[in-house]
Amino acid sequence: MSIDSLRRSARATVSGFPQGFWWLWLSTLVNRTGAFVLTFLSLYLTQELGHSAWFAGLVVALHGLGGVAGSPLGGLLTDRWGRRPTMVTMHLAAAACSAALAVVTSAWAIATAVLLMGVAMQAVRPSINATIADMVPAHDVRRAYALNYWALNLGFAIASIAGGAAAFLGYRTLFVVDAVATVLCAVIVFLRLPETRPEAAVDKRGEPVAEEKVSMLTVLRDAPFRTLVLLNLLVCLVFTAPWIGLPLTMAGEGLPPSSYGMVIAVNGVVIVGFQLLVNKLTDKRSPVLLLTLSALLFAFGTGATALAGSSVAFAATVIVWTVGEMIHVPTNAAATARLAPEHARGRYQGVMGMSWAVAGFVAPVAAGAIVGGPGPDVLWTATAAIGVLAAVGYYTRLRKALADEDAPDTPENPDSPVTPAIPVTPVTQDARDTPDTRAGAAEQAPVSA
């Protein structure tokens with residue numbers, strides 16, 4: 001492939017987005033570039049404050065538990081209050097929690113700050129994902145989510161390197177830097193990002209049309225979306241397991257901790273280096289096929305961990321499930337946006353984000369218990385089986401609901417309380433920076449994700 005063709009491919013990957021999307025992308029990059037807290041929290045608690053490893057693990061788990069509550073809360077505020085106010089408020093709340101960690105020392109205060117930080121960090125994600133769906137046409141929304149996910153991982157890679165180099169300044173300094181970066185992110189959103197929440201529908205006479213009220217219970221009654229959430233939960237359990245199970249498995253093979261550091265770094269390197277290429281190769285593909293493929297890659301990559309015995313072999317397994325991650329995250333976010341009615345995008349993204357948070361809380365505990373009990377081979381066999389089960393579920397249960405986006409929308413299930421809607425550009429003029437454009441967001445990341 002020539003340099004010119006690579007340049008054209010890169011231009012096609014990033015072209016056609018409204019200005020608001022790039023401000024959102026920049027805010028994600030800035031926010032994640034200062035994301036030091038979770039990376040160094042366990043070391044801070046054990047090495048500087050003298051707490052036990054058990055307490056450090058509990059505090060990190062509290063962050064995930066906060067996300068379980070924060071995701072639906074953020075979705076509710078996104079729809080009722082607006083995208084931009086929710087983002088600004090939750091970013092500032094997360095910054096306050098990070099700054100608090102730099103000054104508090106008691107166990108209860110630290111646990112409370114981390115729990116509330118989990119709520120705030122997860123609550124902001126539904127508003128980001130809803131904003132992307134508001135800005136971007138349906139046929140381009142997956143590409144936008146992929147670009148935002150790339151920014152998230154690029155920022156986190158920078159944070160990991162910079163944080164390690166700057167650790168000699170003290171952990172508290174890193175927490176302050178994290179708070180400053182998060183405040184800067186909120187400032188960017190407040191000053192440069194337009195509000196994209198769709199305006200209320202009106203009839204021919206200009207009178208407001210009453211929209212069907214959508215509660216969290218209504219969202220959970222939407223059969224196709226409920227299936228998507230449950231399958232995503234399975235995939236998230238598989239995706240989260242290696243972050244606890246892999247270092248324990250490598251230690252059992254007699255490999256030093258430094259080997260694990262190099263192996264897990266492959267995940268970030270592959271995402272930063274190849275996310276745009278993977279997005280180019282998968283663009284316009286069937287979402288059901290992509291979700292099925294990603295689940296199989298998770299199954300194969302984690303299952304093969306049971307057969308690995310060297311750092312190179314473990315790194316190869318990480319590469320396999322990392323490719324699955326790069327395919328799954330933007331495709332799942334785009335599928336969520338596709339199934340959500342326009343006026344309830346925040347709630348739908350909030351419920352989906354809750355599946356990530358639940359997995360982030362359950363999987364580490366389960367993985368540690370399985371490795372310490374039946375053994376690592378049982379863990380990796382289980383993740384492979386769960387991944388295959390998810391793949392079968394995607395292919396057999398969601399083919400109609402996630403049919404080709406160019407086809408007319410019809411409900412998957414007549415009992416579904418809402419009709420899936422194709423994301424469209426918002427009706428407000430500020431959000432339409434360019435005609436027929438698309439934009440991106442972050443999951444869980446999301447989700448982080």
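This one's a predicted model, so the numbers in the text were calculated from it and none came from an experiment.

This next bit is on the nonpolar core. Counting residues in hydrophobic clusters, the biggest one holds 50 residues, and the most contacted among them are F225, L228, L246, Y394, L398 and L402. Mapped onto this core, the elements with two or more residues apiece are α10 (223-240), α11 (242-252), α12 (257-282), α13 (287-303), α14 (311-339), α15 (345-372) and α16 (376-397). Top element by residues in this core is α14. It accounts for nine residues. The contacts of L228, once residues within four sequence positions are left out, are L291, N332, A335, T336, L339, M352, Y394, L398 and L402. Counting residues in each nonpolar core, the second largest holds 28 residues, with A123, L147, A151 and A333 among its members.

Side chains of residues three or four places apart in an α-helix project in the same direction, reflecting 3.6 residues per turn. Along its twelve residues, helix α3 (residues 37-48) runs just 14 Å from first to last C-alpha, ending more than 12% under the 16 Å computed at 1.5 Å per residue. Buried residues of α3: V37, F40, L41, Y44 and L45, and no others. The arc that holds every buried residue of α3, seen down its axis, measures 145°, which confines them to one face. Once α3 finishes, G50 follows within two positions and takes phi at roughly 80°, a positive value.

A few words now on the side chain of H328. Turning to its location among the elements, H328 is positioned in helix α14. Since its relative accessible area comes to 1%, H328 is described here as buried. Setting aside chain neighbours within four positions, we find H328 in contact with N232, V235, L291, S294, F298, W356 and Y394.

It is worth spelling out the environment of L246 at this point. With respect to the helices, strands and loops of the structure, L246 is situated in helix α11. Overall, the relative accessible area of 1% leaves L246 in the buried class. Taking C-alpha positions, L246 is 8.7 Å from I264, a pair spaced 18 residues apart along the chain. Sequence-distant contacts of L246, that is, excluding residues within four places in its chain, are made with A241, Y260, V263, I264, T305, F314, V318 and W380.

Bringing the packing of helix α2 (residues 19-33) against helix α8 (residues 171-192) into the picture now. Their axes nearest at 8 Å, the elements α2 and α8 cross at an angle of 170°. As summarised for this structure, α2 and α8 are arranged roughly antiparallel, according to the angle between their axes. Listed contacts from α8 to Q19, W23, L26, S27, V30 and N31 of α2 are A181, T182, L184, C185, I188, V189 and R192. A breakdown of the residues in the contact of α2 with α8 according to their chemical character gives eight nonpolar, four polar and one charged.

Parameters and conventions
Residue numbers run consecutively from 1 along every chain, following the written order of its sequence. Local features in this predicted model are restricted to residues whose pLDDT is 70 or higher, and side-chain atom pairs enter the listing and the counts only when it is 80 or higher, whereas totals over whole chains, interfaces and linings include all residues. No hydrogens and no water enter the side-chain calculation; it runs on all heavy atoms of the structure. Buried Ala, Val, Leu, Ile, Met, Phe, Trp, Tyr and Cys residues form a nonpolar core when they are joined through side-chain atoms within 4.5 Å. Only protein chains enter the area calculation, which uses a 1.4 Å probe; residues under 20% of their type maximum are buried, those over 50% are exposed, and those in between are partly exposed. The helix and strand labels rest on DSSP assignments: H or I over at least four residues marks a helix, E over at least two residues marks a strand, and numbering proceeds from the N terminus. We call two residues in contact whenever any of their non-hydrogen atoms come within 4.5 Å of each other. An expected span of 1.5 Å times one less than the residue number is assigned to each helix. Note that the arc is computed from the directions linking the helix axis to the C-beta atoms. Comment: axis = line fitted to C-alpha atoms, over the contacting stretch for helices; angle = value between 0 and 180 degrees taken between N-to-C directions. Throughout this description, any angle smaller than 35 degrees is read as roughly parallel, any larger than 145 degrees as roughly antiparallel, any in the 65 to 115 degree range as roughly perpendicular, and the remainder as oblique. Throughout this entry, Asp, Glu, Lys and Arg are counted as charged residues, while Ala, Val, Leu, Ile, Met, Phe, Trp, Tyr, Cys and Pro are counted as nonpolar. The remaining residues, Gly among them, count as polar.

So yeah, pure geometry; function would need other evidence.
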